[in-house]
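The residues making up each chain are set out below.
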Amino acid sequence: MIPGPVEFDPEVMRALGAKTASHVSPEFIAVFGRALQRLREVCLAPSAQPFVVAGSGTWAMEMAVANLVEPGERALVVNTGYFSDRMASLLERYGAEVVQARASPGEVPDSAEVERLLAGGRFKLMTVTHVDTSTGVLAPAEALVRAAHRHGVLSVVDGVCATAGETFHQDAWGADVYLTASQKALGVPPGLALLSVSRRAMDSWRARRTPVRSLYADFAEWLPIMEAYETGRAAYFATPPVNLVYALEVSLGQLLREGMEARFERHRRMAGAFRAAWRALGLRTLPASESVAAHTLSALYFPEGVDATWVGKVREQGVVLAGGLHPQLKTRYFRVGHMNVVSPGDVLATVGAIERALAVAGHRIAPGSAVAAAQAALLPPG
Ligand code: PMP
């Protein structure tokens, strides 16, 4: 129950173990083509250009930056934690002049301040971390993306800890780059960087004055490949991760069978049950309020008298959780991922293990009280 890599469906794992076909075989062409089409549906972005490349989430971030930023251009980072910091440093590497809208850990930057910056800042692009995995903070992506659009600023949304778990309608909201990785709510082991890029962002890339500085990032290399596979032809730039693409095609098929809205709703329901358990245990969340709390993970301060070694005690109870990540607070909190195949059974098992580990650590808790609170939240209404 960590915030990625998560648990994967057995059918997805079987695809990884399948015989590796040639990357130019008809069989692989069909699979890759379907995976790209399905990615459009998952991002709710039929009009955008999908890219699927071997790499991790950081690579998806780097591809967005390498292609859309030229030295001296200005970028606004809506900073909600560790991964927003990473985005800012990437932008600086590629020569951008970076301005950051900041907030205390657990909060989102003030929207009026972002609006003011967008209005006066002459920015080429704005970046948002939809869910910052270090804080569990959910940024108001729709409002931010729409604000950027109004001011003619490209929006880049890091969906690594959100895609297919948090509501996101790329086309309807007008988001320019929606980037993500395979190992979280998309349900595929680590190794894929995925991007969905609007026409406006592709036009902005076409209008560059300077070449993209990284060969492996350059849309000029990848666009013909994606277009070829999606229209049933093979093309070569760099060998695709054949089995990960098989696994992606299977997982995206499962996601779409569940339905995106149903999937977002399931993540909200599971998060709601976890929140009920946290309240019952008196655990304080790192996000300052429920309105800025992610549905894909929980970040919680350790209770009194418990330190980071307690995560090991939960593991002894059979559930793997993650420690802290935010540099300022790292040792003071822990994280519970609830993405992808997460079910009511996972919620109850996790909360039960946390209750036992708290008891082992000397906390007096009424056995089953948090489990009951989660269960009550999971029961059908009425
Ligand atoms: N952005 C966010 C929001 C993330 O959670 C992560 C990874 N946890 C990344 C970017 C970087 O992804 P990766 O570790 O796959 O490079």
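Residues numbered from 1 in each chain as written. Predicted model: local features only at pLDDT ≥ 70, side-chain atom pairs only at ≥ 80, totals over all residues. Heavy atoms only, no water.

Next up on the list: the overall build of the chain. When helices and strands are tallied, the chain shows 14 helices and twelve strands. Computed over the C-alpha atoms, the radius of gyration of the chain is 21 Å, within 12% of the 21 Å expected from 2.2 N^0.38 for a compact globule of 382 residues. Based on the C-alpha atoms only, the size of the chain along its principal axes is roughly 65 × 55 × 40 Å. Taken across its 382 residues, the chain has 57% of its residues classed as buried. Looking at the chain alone, contacts between residues at least 24 apart form 72% of all its contacts between residues at least 6 apart. Of the roughly 15,100 Å² that the chain leaves accessible, carbon and sulfur atoms contribute 53%. (Helix = DSSP H or I, 4+ residues; strand = E, 2+ residues; numbered from the N terminus. Rg over C-alpha atoms; globule rule 2.2 N^0.38 Å. Buried < 20%, exposed > 50% of the residue type's maximum accessible area, 1.4 Å probe, protein only. Contact = heavy atoms within 4.5 Å. Areas by Shrake-Rupley, 256 points an atom, 1.4 Å probe, with all protein chains shown as cover.)

A few words now on the domain arrangement of the chain. In terms of domains, the chain is made up of domain 1 (10-258) and domain 2 (260-378). Between the two partners, domain 1 and domain 2, sit two salt bridges. There are 14 residue pairs in polar contact (both at pLDDT 80 or more) connecting domain 1 and domain 2. Secondary-structure elements contributing two or more residues to the side of domain 1 that touches domain 2 are helix H2 (26-42), helix H4 (82-93), strand E6 (137-138) and helix H10 (242-258). Ranked by the residues each element gives to the side of domain 1 that touches domain 2, the list is headed by H10, at three residues. Here the side of domain 1 that touches domain 2 is built from residues that sort into 17 nonpolar, ten polar and five charged. (Domains from an automatic or database assignment. Salt bridge = Lys/Arg side-chain N within 4 Å of Asp/Glu carboxyl O. Polar contact = N/O pair within 3.5 Å; in protein donor to acceptor, adjacent residues only side chain to side chain. Nonpolar A, V, L, I, M, F, W, Y, C, P; charged D, E, K, R; others polar.)

The next thing to look at is the sheet that holds strand E7 (residues 154-158). Ordered by their spatial adjacency, seven strands build an open sheet running E1-E9-E8-E7-E4-E2-E3, and the pairing between neighbours is mixed. The strands lining the two open edges of the sheet, one partner per strand, are strand E1 (49-54) and strand E3 (97-101). Taking each pair of neighbouring strands and ignoring which way they run, the sheet shows an average axis angle of 20°. Here five bridges tie strand E4 (residues 125-129) to E7, and the two strands are oriented parallel to one another. Bridge pairing in E7 links Thr127 to Val156. (Pairing = 2+ DSSP bridges. Axes fitted to C-alpha atoms, helices over the stretch in contact; angles between N-to-C directions.)

Time to look at empty space enclosed by the protein. The final tally for this structure, using the stated rule, is one cavity of 30 Å³ or more. Looking at the largest cavity, its volume works out to about 50 Å³. The wall of the largest cavity is formed by His23, Phe32, Val52, Trp222, Ile225, Met226, Tyr229, Ala235, Tyr236, Phe237, Ala238 and Pro240. If you tally residues by element for the lining of the largest cavity, the top one is helix H9 (residues 219-230), at four residues. In the lining of the largest cavity, the residues fall into eleven nonpolar, one polar and no charged. (1 Å grid on protein atoms, 1.4 Å probe; cavity = no way out; pocket = protein on both sides within 12 Å on 5 of 7 lines; lining within 4 Å. Points joined across faces, edges and corners; volume = space filled by probe spheres on them.)

A few words on the packing of aromatic side chains. Throughout the structure, instances matching the rule amount to 16 aromatic pairs. Ring geometry for Trp310 against Phe334: centres 5.1 Å apart, planes inclined by 70°, an arrangement best described as edge-to-face. A residue pair is termed long-range when its members are at least 10 positions apart, and Trp310 in helix H12 (residues 310-316) and Phe334 in strand E12 (residues 333-337) qualify at 24 residues. Clustering of aromatic rings is evident, with ring pairs tying together Phe28, Phe32, Tyr229 and Tyr246. (Phe/Tyr/Trp six-rings, centres within 6.5 Å; stacked < 30°, edge-to-face > 60°.)

Residues in contact with the ligand amount to 14 residues; listed here are only the nearest, Ser56, Thr58, Thr133, Asp158 and Lys184. In this structure, Gly57 approaches the ligand through a main-chain N or O atom, which is 2.8 Å from an oxygen atom. For the ligand, an oxygen atom lies 2.3 Å from a polar atom in the side chain of Thr133. Going through the elements one at a time, helix H3 (57-68) and H4 are the ones with two or more residues in the shell around the ligand. Among the elements that line the shell around the ligand, the one with the most residues is H3, at three residues. Among the residues forming the shell around the ligand, the class breakdown is five nonpolar, six polar and three charged. (Near = heavy atom within 4 Å.)

Before going further, it helps to spend a moment on the nonpolar core. One finds Phe51, Leu91, Val177, Leu179 and Leu195 to be the most contacted residues of the largest nonpolar core, which totals 89 residues. Here this core takes nine residues from H10, the largest share from any one element. Looking at which domains feed residues into this core, each of domain 1 (10-258) and domain 2 (260-378) gives three or more. With sequence-adjacent residues up to four places away left out, Val177 is seen in contact with Ala64, Leu68, Ser155, Val156, Val157, Gln170, Leu195, Ser196, Val197 and Ala201. Residues Trp278, Leu283, Ala357 and Leu358 belong to the second largest nonpolar core, which totals 27 residues. (Core = buried A, V, L, I, M, F, W, Y, C linked by side-chain atoms within 4.5 Å.)

Once that is clear, we can look at helix H14 (residues 369-378). Within H14, the full set of buried residues consists of Ala370, Ala374 and Leu378. Along the long axis of H14, the arc covered by the buried residues comes to 80°, so they all point the same way. (Arc of directions from axis to C-beta.)

This structure, assessed with the given rule, holds 16 salt bridges. Taking the shortest distance from any N to any O, the salt bridge between Glu73 and Lys124 comes out at 2.9 Å. You can see Glu73 sitting in the loop between H3 and strand E2 (74-78) and its partner Lys124 sitting in the loop between helix H5 (111-120) and E4, a full 51 residues away along the chain. Since its relative accessible area comes to 15%, Glu73 is described here as buried. For Lys124, a relative accessible area of 18% corresponds to the buried category. Here Asp85 makes a salt bridge to Arg102, at a shortest N to O gap of 4.0 Å. A residue pair is termed long-range when its members are at least 10 positions apart, and Asp85 in helix H4 and Arg102 in the loop between E3 and H5 qualify at 17 residues. Residue Arg102 is classed as exposed on the basis of its relative accessible area of 54%. Three or more residues are tied together by salt bridges with common partners; here these are Arg34, Arg38 and Glu249.

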